[in-house]
Amino acid sequence: MKKSAILLFLTFSLAAISQNKETERLIEVSGRSEMEIMPDEITFLVGIEEYWKEEFEKRKDVKDYKTKVPLAEIEDDFIKNLLKAGIDKEEVKVKNIGNYLRNRGKEFLYSKQFEIKVTDLSKINKLTQLLDSKGIKTMNVGELNHSKMDEYKKQVKIDALKDAKAKAQYLVESIGSALGEVVTISEINDGYIRPMRAESMMMKAAAADMNYESAGEMQNIKLEYQVRAVFRIK
């Protein structure tokens, strides 16, 4: 008899819970937020490479290339120009070193790539003006960043959730109801950052004039975040 009473009580309880779930009114919405940040940190990549003096002389063919400028000499001039531009040695790291595909019958042209991290973008402009195009193979923006990136990511997430709540509120109010507490929050993306511009600033040092992107033209960092939230309707 007791077992039958317990089973009957459980049946009624489960039925009541099921009914409550069916009658519970919910609204699910998505929220979105964007933020553009002007970078205050830049990783700049510069590649240097040995070259033949005859490359820069008129009417010279590959077979005439005889006088190679060694990597050590090019690197020495490069480091001196870094210091003139106000870039400390601590901000410079060697990223890789290797050799380049040689011309038939000629020696290898050794190369080295440097990673330069600076917080004053005007130094990059100054550096590009100081560098001799000879021996500089590539100049690229590797990455843009901000010293307070974590704080900005948090803020853009908060704004996305506020956007979801505001959307849910005006929707339920339009049908004469009131918004209740949040039930669930789901991330659609985790603070997506638009890919940084890393296009070549100078593919081949073959001209006296150097084309580079100024600090004033530097692309901003764009944060995008989306969230999905479920709220109760009172």
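Residues numbered from 1 in each chain as written. Predicted model: local features only at pLDDT ≥ 70, side-chain atom pairs only at ≥ 80, totals over all residues. Heavy atoms only, no water.

Here we take up helix H2 (residues 71–84). Within an α-helix, residues lying three or four positions from one another point in the same direction, as the helix has 3.6 residues per turn. In a regular helix each residue adds 1.5 Å, so 14 residues correspond to 20 Å; H2 covers 20 Å between its end C-alpha atoms and thus fits that length. Those residues of H2 not exposed but buried are Leu71, Ile74, Glu75, Phe78, Asn81 and Leu82. What you see down the axis of H2 is that its buried residues fit within an arc of 125°, all on one side. Of the exposed residues in H2, the ones pointing more than 90 degrees away from its buried face are Ala72 and Lys84. Looking one or two residues beyond H2, the residue adopting positive phi is glycine 86, at roughly 85°. (Helix = DSSP H or I, 4+ residues; strand = E, 2+ residues; numbered from the N terminus. Expected span 1.5 Å × (residues − 1). Buried < 20%, exposed > 50% of the residue type's maximum accessible area, 1.4 Å probe, protein only. Arc of directions from axis to C-beta.)

The geometry of an aromatic ring pair is captured by the separation of the ring centres together with the interplanar angle, meaning the angle of the planes. By the definition in use, this model includes 2 aromatic pairs. Ring geometry for tyrosine 51 against phenylalanine 56: centres 5.4 Å apart, planes inclined by 90°, an arrangement best described as edge-to-face. Relative accessible area serves as the criterion here: at 31%, phenylalanine 56 is assigned to the partly exposed category. Their ring planes at 40° and their centres at 4.9 Å tell us that phenylalanine 78 and phenylalanine 114 sit as a pair that is tilted. In this pair, phenylalanine 78 sits in helix H2 while phenylalanine 114 sits in strand S6 (residues 109–118), placing the two residues 36 residues apart along the sequence. The exposure classification of phenylalanine 78 matches that of phenylalanine 114, with both residues buried. (Phe/Tyr/Trp six-rings, centres within 6.5 Å; stacked < 30°, edge-to-face > 60°.)

The buried fraction of S6 is high, at 7 of 10 residues. With 8 bridges joining them, strand S2 (residues 41–49) and S6 adopt antiparallel strand pairing. Counterpart to threonine 43 in the pairing with S6 is lysine 117. (Pairing = 2+ DSSP bridges.)

Here we take up helix H4 (residues 149–173). The end-to-end C-alpha distance of H4, which contains 25 residues, comes to 36 Å, matching closely the 36 Å that a straight helix rising 1.5 Å per residue would cover. For H4, the set of buried residues is Met149, Val156, Ala160, Ala164, Ala168 and Val172.

Moving on, we get to the packing of H2 against helix H3 (residues 122–130). To describe two helices that pack against each other, one gives the angle between their axes and the distance between the axes. H3 packs onto H2 with a crossing angle of 140° between their chain directions and a minimal axis gap of 9 Å. For the element pair H2 / H3, the angle class is oblique. For the pair H2 and H3, the crossing hand works out as right-handed. Across the interface between the two elements, Asn81, Leu82 and Lys84 of H2 pack against Lys126, Leu127 and Leu130 of H3. Residues that form the contact of H2 with H3 fall into these classes: 3 nonpolar, 1 polar and 2 charged. (Axes fitted to C-alpha atoms, helices over the stretch in contact; angles between N-to-C directions. Parallel < 35°, antiparallel > 145°, perpendicular 65-115°, else oblique. Left-handed = near helix turned anticlockwise from the far one by under 90°. Contact = heavy atoms within 4.5 Å. Nonpolar A, V, L, I, M, F, W, Y, C, P; charged D, E, K, R; others polar.)

A few words now on the pairing of S2. Along S2, 9 of the 9 residues are buried, which leaves the element largely enclosed by surrounding structure. The side-chain alternation of S2 yields two buried faces, one formed by Glu41, Thr43, Leu45, Gly47 and Glu49 and the other by Ile42, Phe44, Val46 and Ile48. Bridge count for S2 against strand S7 (residues 136–145) is 8 bridges, and the pairing is antiparallel. Looking at the pairing, valine 46 lines up with methionine 139 of S7.

Moving on, we come to the nonpolar core. One finds Ile27, Val46, Ile48, Phe78, Ile87, Ile116 and Leu127 to be the most contacted residues of the largest nonpolar core, which totals 42 residues. Going through the elements one at a time, strand S1 (26–37), S2, H2, S6, H3, S7, H4 and strand S9 (221–233) are the ones with two or more residues in this core. Tallying contributions element by element places S9 first for this core, with 7 residues. (Core = buried A, V, L, I, M, F, W, Y, C linked by side-chain atoms within 4.5 Å.)

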